[in-house]
Structures are given as structure tokens and as C-alpha cells.
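Summary of the model geometry
Single-letter residue listing:
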Amino acid sequence: MLKQYRLLIFAGIAIIAIAFSSLVPPVNRYIVGEHHRDVIREFDRWAEEYAVVTDYYSATRAANMIGYISTYYTPCDGYRSDDETEQRLQVARQRSMTQIADVLSAYTGNVMADPLDWPAEIHDNTKKHPAEVD
């Protein structure tokens, strides 16, 4: 009798584990989706903060931020949300990088084809930078 009771307990635990494992992906997607929505708001805040360029140092910070934004919490295996949220995340990422790049273009007079071109370009042209020429 005790052996059958143990077998029933083991079977019950196995059933609960199987049921729980089927819930993990949806719960994980929900949690990651919430995080992605927070990241979207963060991109908007960064776009406002780093799109104020008044000197060489703020230009360098802004250019480096573009590179940081490009890799910040990108969806990958094990870190996925729903398709709509991931699309909104990518749009917000690109919008933030472009907004910062546009301000850098206005400040330096240089126009880059891709926002990600800015970090190397800013560092390569430090002696030609308008803020450095007197």
C-alpha cells in the first residue's frame, strides 16, 4: 500500500511538473514583453537626453550612445516577447538612434548614411571638429 501511495505521489508531481512546464514559455514571453515595453520608454528618454549636443564632449557621448542603444536588450533565443512588442522595440531603437544622429549632423555639419557610423567618425575627426577650431 505504501509503495502504491508513493507511486501516486510521484505521478502527481510529474503531472504538475509537465503542466507547469507548458506554462513557462507564455509566462516568460509576458515578462520579457513587460521588460521590452520598459526598454521602449528608456529609448525615448535617452533620445531626449542625448539629442542635446552643445560641445565636443556631449557630441562624443551622444555618438557613443547610438552604439549602446543598438545592442541594448535585443531580442534573442530565450529573450523573446510577442511579435508586436518586438516590432515596437525595433522601431523605438531606430527612432532614438536616428534622433541622436540628426542632432549630431546638425552640430557637426556631417551627415552619416547610418546612425551607427557616428562613433568611429566622431573619434576620427576630433581635430576637425567645430568646437575644437578657434
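In this report, we go over the structure that sits alongside the text. Just so it is clear, the structure is predicted and the values come from calculations on it, not from any experiment. (Residues numbered from 1 in each chain as written. Predicted model: local features only at pLDDT ≥ 70, side-chain atom pairs only at ≥ 80, totals over all residues. Heavy atoms only, no water.)

1. Here's the deal with the packing of helix 2 (residues 56-71) against helix 3 (residues 83-108)
- Orientation of helix 2 relative to helix 3, taken along the N-to-C sense of each, is 160°, at an axis distance of 10 Å. With respect to their mutual orientation, helix 2 and helix 3 come out roughly antiparallel. Between helix 2 and helix 3 lies a crossing of left-handed hand. From helix 2, Tyr56, Ala59, Ala62, Ala63, Ile66, Ile69, Ser70 and Thr71 reach across to helix 3, where they touch Arg93, Ser96, Met97, Ile100, Ala101, Leu104 and Tyr107.
- Considered class by class, the residues forming the contact of helix 2 with helix 3 number 11 nonpolar, three polar and one charged. (Axes fitted to C-alpha atoms, helices over the stretch in contact; angles between N-to-C directions. Helix = DSSP H or I, 4+ residues; strand = E, 2+ residues; numbered from the N terminus. Parallel < 35°, antiparallel > 145°, perpendicular 65-115°, else oblique. Left-handed = near helix turned anticlockwise from the far one by under 90°. Contact = heavy atoms within 4.5 Å. Nonpolar A, V, L, I, M, F, W, Y, C, P; charged D, E, K, R; others polar.)

2. Some remarks on helix 2
- Here helix 2 contains 16 residues, and its C-alpha end-to-end distance of 24 Å stays within 8% of the 22 Å for a straight helix at 1.5 Å per residue.
- Looking at helix 2, one finds that the buried residues are Tyr56, Ser58, Ala59, Thr60, Ala62, Ala63, Met65, Ile66, Ile69 and Ser70.
- Directly beyond the C-terminal end of helix 2, a positive phi value near 50° is found at Tyr73. (Expected span 1.5 Å × (residues − 1). Buried < 20%, exposed > 50% of the residue type's maximum accessible area, 1.4 Å probe, protein only.)

3. Remarks on the nonpolar core
- Grouped together as the largest cluster of nonpolar side chains are 21 residues, with contacts concentrated most on Phe43, Trp46, Ile66, Ile69, Ile100, Leu104 and Trp118.
- Those elements that place two or more of their residues in this core are helix 1 (2-50), helix 2 and helix 3. (Core = buried A, V, L, I, M, F, W, Y, C linked by side-chain atoms within 4.5 Å.)

4. Let's talk about the side chain of Ser96
- Looking at where Ser96 falls in the secondary structure, it is placed in helix 3.
- Excluding residues that lie within four positions of it along the chain, Ser96 makes contacts with Phe43, Asp44, Ala47 and Ile69.

5. Points about the packing of aromatic side chains
- Per the stated rule, a full pass over the model turns up eight aromatic pairs.
- Ring geometry for Phe43 versus Trp46: centroids 6.1 Å apart, planes at 50°, classification tilted. In this pair, Phe43 and Trp46 are both assigned in helix 1, three residues apart and thus about one turn of the helix distant. For the pair Phe43 and Trp46, one class covers both residues: buried.
- Ring centres of Tyr68 and Tyr72 lie 5.3 Å apart, and the angle between their planes is 45°; this geometry places the pair in the tilted category.
- Tyr68 gets classed as partly exposed once you look at its relative accessible area, which sits at 43%.
- According to the relative accessible area criterion, Tyr72 is buried, its value standing at 19%.
- Among the aromatic residues, ring-to-ring pairing joins Phe43, Trp46, Tyr68, Tyr72, Tyr73 and Tyr79 into one connected group. (Phe/Tyr/Trp six-rings, centres within 6.5 Å; stacked < 30°, edge-to-face > 60°.)

6. Re the side chain of Arg93
- Within the secondary structure, Arg93 is located in helix 3.
- Comment: no salt bridge for buried Arg93; closest opposite-charge side chain is Glu86, at 9.4 Å.
- Of the polar contacts made by the side chain of Arg93, one reaches the backbone oxygen of Ile69; its length is 2.6 Å. (Lys, Arg positive; Asp, Glu negative; His and termini not counted. Salt bridge = Lys/Arg side-chain N within 4 Å of Asp/Glu carboxyl O. Polar contact = N/O pair within 3.5 Å; in protein donor to acceptor, adjacent residues only side chain to side chain.)

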